[in-house]
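# Architecture at a glance
Spelled out, the chains give:
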Amino acid sequence: MRDTISAVVPCYNEEESLPFFYDEIVRVAKEMETDAEFEFIFVNDGSKDKTIEVLRELRKKDTRVRYVSFSRNFGKEAAMYAGFKAAKGNLIVVLDADLQHPPKFIPEMYKGIKEEGYDCVATRRVKREGEPKLRTFFSMRFYSLINRMSDTEIMPGACDFRMMTRRMVDAVLEMSEANRFSKGIFSWVGFDTKWIPFENVARVAGETTWSFKKLLGYSIDGITAFSTTPLQVSSFLGILFCAVAFIFAVITVIKTLVFGEPVSGFPTIVCLILLLGGLQLLMIGILGEYLAKTYVETKKRPIYIVKETEEDVEI
Ligand code: UDP
Ligand code: MG
């Protein structure tokens with residue numbers, strides 16, 4: 001039986017990249033014609049440019065093109081979730097619209113699943129050329145930190161670019177949390193993953209929307225979604241400081257008995273008050289992070305809202 005591959009493509013302001021992307025994926029689909037048929041699921045994540053018009057046109061000339069258009073920008077994670085929900089294929093591949101995830105890898109991924117028996121074939125970036133050194137440094141720190149704090153193993157440099165079986169995607173869909181950290185979710189569901197190394201390529205058109213601040217926020221989301229270690233840090237520090245205070249008290253008592261009681265140590269007190277006050281605020285902040293996430297989750301708001309799909313286009 002021929003396989004159906006659903007290509008899920010999140011798009012945010014990609015009017016310029018989409019035509020290039022479409023040509024490329026169609027070429028790959030043609031190449032794989034004998035093994036599999038394709039459906040292309042574009043998720044328009046509340047783009048402010050003409051992405052939706054490009055998608056409507058594509059749909060008119062090619063019925064393999066399907067799309068889901070959001071009522072506003074919900075973020076790439078939500079876009080992927082919507083794409084998975086819409087996908088009908090027995091194999092699902094996620095890739096960016098800017099050709100940074102070249103469709104030419106799809107046949108190799110397909111082979112990994114069909115011939116080598118993996119459930120998922122994912123890419124990971126090995127070289128980080130063209131990226132600021134400082135960003136690479138922070139990114140490496142992030143991976144080592146999250147892997148030390150979380151039981152879910154996060155592969156350094158893992159990309160969202162991957163092909164998965166229906167089973168795995170259904171498992172991912174079951175994780176309907178609002179705070180979606182895909183790298184963690186893909187790893188948490190398990191299944192056998194084959195990693196293929198992959199080099200950075202520049203965007204074909206348009207601009208990346210990831211600023212340093214956004215990446216930092218993303219890292220914090222990742223850690224709070226897959227680790228509760230930060231919450232335990234305060235207990236650890238509490239015990240540590242109690243122990244220090246106890247030793248300090250003993251020393252003070254002995255010192256007073258032996259040397260009398262001169263009034264000194266004012267700077268020490270100021271430093272200690274600042275240190276402890278700062279630490280307490282930090283710990284309350286960490287509690288707040290988790291509380292805020294819990295608050296959002298308990299509302300059970302939808303992950304995305306659809307405004308239009310390909311079914312709205314008359315052919
Ligand atoms: N994207 C999205 N919603 C967003 C931001 C990005 O769907 O809010 C899409 C974007 O159109 C692209 C992919 O996610 O297809 C990756 O985004 P980008 O190229 O900006 O990130 P980078 O490649 O720099 O990590
Ligand atoms: Mg990109």
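Now for a description of the structure that goes with this document.

Cut-offs and rules
Residues numbered from 1 in each chain as written. Chains lettered and ligands numbered in written order. Predicted model: local features only at pLDDT ≥ 70, side-chain atom pairs only at ≥ 80, totals over all residues. Heavy atoms only, no water. Core = buried A, V, L, I, M, F, W, Y, C linked by side-chain atoms within 4.5 Å. Buried < 20%, exposed > 50% of the residue type's maximum accessible area, 1.4 Å probe, protein only. Helix = DSSP H or I, 4+ residues; strand = E, 2+ residues; numbered from the N terminus. Contact = heavy atoms within 4.5 Å. Axes fitted to C-alpha atoms, helices over the stretch in contact; angles between N-to-C directions. Parallel < 35°, antiparallel > 145°, perpendicular 65-115°, else oblique. Donors = N, O, S within 2.8 Å, 3.2 Å for Na, K, Ca; no water. Arc of directions from axis to C-beta. Left-handed = near helix turned anticlockwise from the far one by under 90°. Salt bridge = Lys/Arg side-chain N within 4 Å of Asp/Glu carboxyl O. Pairing = 2+ DSSP bridges.

## As for the nonpolar core
One finds Phe70, Phe84, Met164, Phe181 and Tyr304 to be the most contacted residues of the largest nonpolar core, which totals 38 residues. Looking at this core, the element that brings in the most residues is helix α3 (residues 76-86), giving seven residues. If sequence neighbours within four positions are ignored, Phe181 has contacts with Glu77, Phe142, Ile146, Ile154, Tyr218, Gly222, Ala225 and Phe226. The next biggest cluster of nonpolar side chains, apart from the first, holds 36 residues, and it includes Ile5, Val28, Ile52 and Ala97.

## Brief notes about the packing of helix α5 (residues 133-149) against helix α8 (residues 212-226)
The interhelical angle for the contact between α5 and α8, taken along N-to-C directions, is 10°, at an axis separation of 10 Å. When the axis of α5 is compared with that of α8, the two are roughly parallel. Contact residues: Arg135, Phe138, Phe142, Leu145, Ile146 and Met149 in α5; Phe212, Leu215, Ser219, Gly222 and Ile223 in α8.

## Points about the coordination of the magnesium ion (ligand 2)
Binding of the magnesium ion (ligand 2) to the protein goes through Asp98 (OD) and Gln100 (OE1), at separations of 1.9 Å. Relative accessible area serves as the criterion here: at 3%, Asp98 is assigned to the buried category.

## Describing helix α6 (residues 166-174)
Those residues of α6 that sit buried are Met168, Val169, Val172 and Leu173. Looking straight down α6, one finds its buried side chains confined to an arc of 145°; they lie on one side. Counted as exposed and oriented over 90 degrees from the buried face of α6: Arg167 and Glu174. Of the surrounding secondary structure, the elements contacted by the buried residues of α6 are α3, β4 (91-94), β5 (120-127), β6 (158-165) and α7 (182-188).

## Some points on the environment of Tyr304
Tracing the chain through its elements places Tyr304 in the loop between α10 (266-299) and β8 (306-309). When its relative accessible area of 18% is taken as the criterion, Tyr304 is described as buried. Residues Tyr304 and Ala245, spaced 59 residues apart in sequence, show a C-alpha to C-alpha distance of 51 Å. The residues touching Tyr304, leaving out its near neighbours within four places in the chain, are Phe70, Phe74, Ala78, Tyr81, Ala82 and Lys85.

## What about the packing of helix α9 (residues 229-259) against α10?
Packing of α9 against α10 leaves a shortest axis separation of 9 Å and a crossing angle of 155°. As far as their axial angle goes, α10 and α9 are roughly antiparallel. With respect to the hand of their crossing, α9 and α10 are arranged in left-handed fashion. Across the interface between the two elements, Pro230, Leu231, Val233, Ser234, Leu237 and Phe241 of α9 pack against Leu275, Leu276, Leu279, Met283, Ile286, Leu287 and Tyr290 of α10.

## Some words on the pattern of salt bridges
Close approach of charged atoms allows side chains of opposite charge to pair. With the rule as written, the count across this model stands at 15 salt bridges. Measuring nitrogen to oxygen at the nearest pair gives 2.9 Å for the salt bridge that ties Arg56 to Glu308. Note that Arg56 is positioned in helix α2 (residues 51-61) and Glu308 in strand β8, a separation of 252 residues in sequence. Glu308 gets classed as buried once you look at its relative accessible area, which sits at 14%. Among the ionic pairs, Asp170 bridges to Arg166, the shortest N-O distance being 3.4 Å. Of this pair, Asp170 and Arg166 are both found in helix α6, four residues apart, which corresponds to roughly one turn of the helix. Overall, the relative accessible area of 37% leaves Asp170 in the partly exposed class. The class for Arg166 is partly exposed, based on a relative accessible area of 23%. A single network of salt bridges, built from pairs that share partners, joins Glu24, Arg27 and Glu31.

## A word on the pairing of β4
In β4, alternate side chains face the same way, and those of Leu91 and Val93 on one face and Ile92 and Val94 on the other are all buried. Of the strand pairs in this sheet, strand β1 (residues 3-11) and β4 are connected by four bridges, and their pairing is parallel. When the bridges of β4 are listed, Ser6 appears paired with Ile92. Both β4 and β6 contribute to a ladder of four bridges, which runs antiparallel.

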